[in-house]
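Take a look at the letters that make up each chain.
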Amino acid sequence: MRVTLAQLRALVAVVEEQGFVAAATKLGVTQAAVSHAIAALEKAVGAPVVLRGIRPVSPTALGRRLLQHARSAVSEAEALEEAAAAHVARVHGHVVVGAPPTVYHGLLPAFTSLWQAACPRVEVSTLEGEDGEVAGWLAAGTVDLAVLVDPDPVPDGAVLLLHDDFRVALATDHPLAGEAAVRFEDLDDDSMLLSDGGVERYLREIHDAVGRGYQAPRRVRGFATVLGMVQARRGIAVVPGLAQLMLPQGTVLAGLLPTARRRLYLSGPPTGPWLDAVDAMVETLRPLLPLDPARPLAGLDAPPDPRRGAGKGLPLPT
């Protein structure tokens, strides 16, 4: 037996309006549609539910027993529809999302696609910045939602996005490129490159772990530039594992011994209430978290640029 909500609506309307014509008017359908729904309900339960041929139309004994349940089901369905409509009406507006380079290029395109599907009335724009910049934007209200790297303290309501181990980026023809893991000491003969982002603090950790004083590598502005220089065989770089999703051709990542780990959190503003849209966007991702750093989301082998696809890119604030 399979009873549908449409059949139960028809039963309630026919009994309360005392006729098929009035029930059709109340439901905004044709009389034939109401008659069909009642007939289908009777077929499903195996007996008549209303007495036909009399005025006003009345329920049978079975119809009276079903009516209480039908009214409850219809009432719950209406409450559900109202709650959904209120949620959709509340979750709207423009949300600016900030993220460090590896997240911006590797994950935000897929995240934004999920947000567009779950929150169609929310316009999402994205900003790419270094770790400290993104945290500052969130605190200042420049962005409404951000991916923070090892925040201290972790903002209330923030959710863990992933744990990300650091690796070494090498040209594919580097002698160590075929190794699953490389000892940090084996990189002494290579020119180390360092972007002007948040990698340095973790590189210092690795130096401490091997008992060495920190030696500042060659600094390069921009994470993408660092990867391009590795591709051009102008050096190597210690990078987050998430960089796997934005490696140019001719480069590979190898594990690093010892390594360091960063923790990425998705958070609204550290103080004050979050936008309803931000809450909804976090909840959209929550069932997926924490992500697997080896393959955070399916289909990200060649992620599109958020400026051209899912997200609307913005110029960096001055």
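So, here is what we can say about the structure in this document. Given the structure is predicted, the values throughout are model-derived calculations rather than measurements. (Residues numbered from 1 in each chain as written. Predicted model: local features only at pLDDT ≥ 70, side-chain atom pairs only at ≥ 80, totals over all residues. Heavy atoms only, no water.)

1. Section: the packing of aromatic side chains
Scanning the entire structure with this criterion turns up two aromatic pairs. Relative to W115, the ring of F111 has its centre 5.9 Å away and its plane inclined at 55°; by these criteria the two rings are tilted. Placement of the pair is F111 and W115 together in helix 6 (residues 108-118), with a separation of four residues, close to one helical turn. By relative accessible area, which is 1% here, W115 ends up buried. Judged by centre distance (4.7 Å) and plane angle (25°), the ring pair of F166 and Y202 falls under stacked. (Phe/Tyr/Trp six-rings, centres within 6.5 Å; stacked < 30°, edge-to-face > 60°. Helix = DSSP H or I, 4+ residues; strand = E, 2+ residues; numbered from the N terminus. Buried < 20%, exposed > 50% of the residue type's maximum accessible area, 1.4 Å probe, protein only.)

2. Some points on the pattern of salt bridges
According to the stated counting rule, one finds 14 salt bridges in the structure shown. Across the salt bridge formed by E42 and R52, the nearest N and O atoms sit 3.0 Å from each other. Residue E42 is located in helix 3 (residues 31-45), and its partner R52 is located in the loop between strand 1 (50-51) and strand 2 (58-59); the two are separated by 10 residues in the primary sequence. According to the relative accessible area criterion, E42 is buried, its value standing at 13%. Between R183 and D186 there is a salt bridge; the shortest N-O distance is 3.1 Å. Classification of R183 by relative accessible area gives partly exposed; the value is 48%. Overall, the relative accessible area of 35% leaves D186 in the partly exposed class. Through salt bridges with shared partners, a single network forms among E16, E17, K26 and R71. (Salt bridge = Lys/Arg side-chain N within 4 Å of Asp/Glu carboxyl O.)

3. Thoughts on the nonpolar core
Soluble globular proteins tend to pack their nonpolar side chains together in the buried interior. If you look at the biggest cluster of nonpolar residues, it comprises 50 residues, and the most contacted ones within it are L107, W115, L145, L187 and M281. With 20 residues, the next largest nonpolar core counts A13, V14, A23 and V49 among its residues. (Core = buried A, V, L, I, M, F, W, Y, C linked by side-chain atoms within 4.5 Å.)

Bear in mind that shape data such as this cannot, by itself, settle questions of function.
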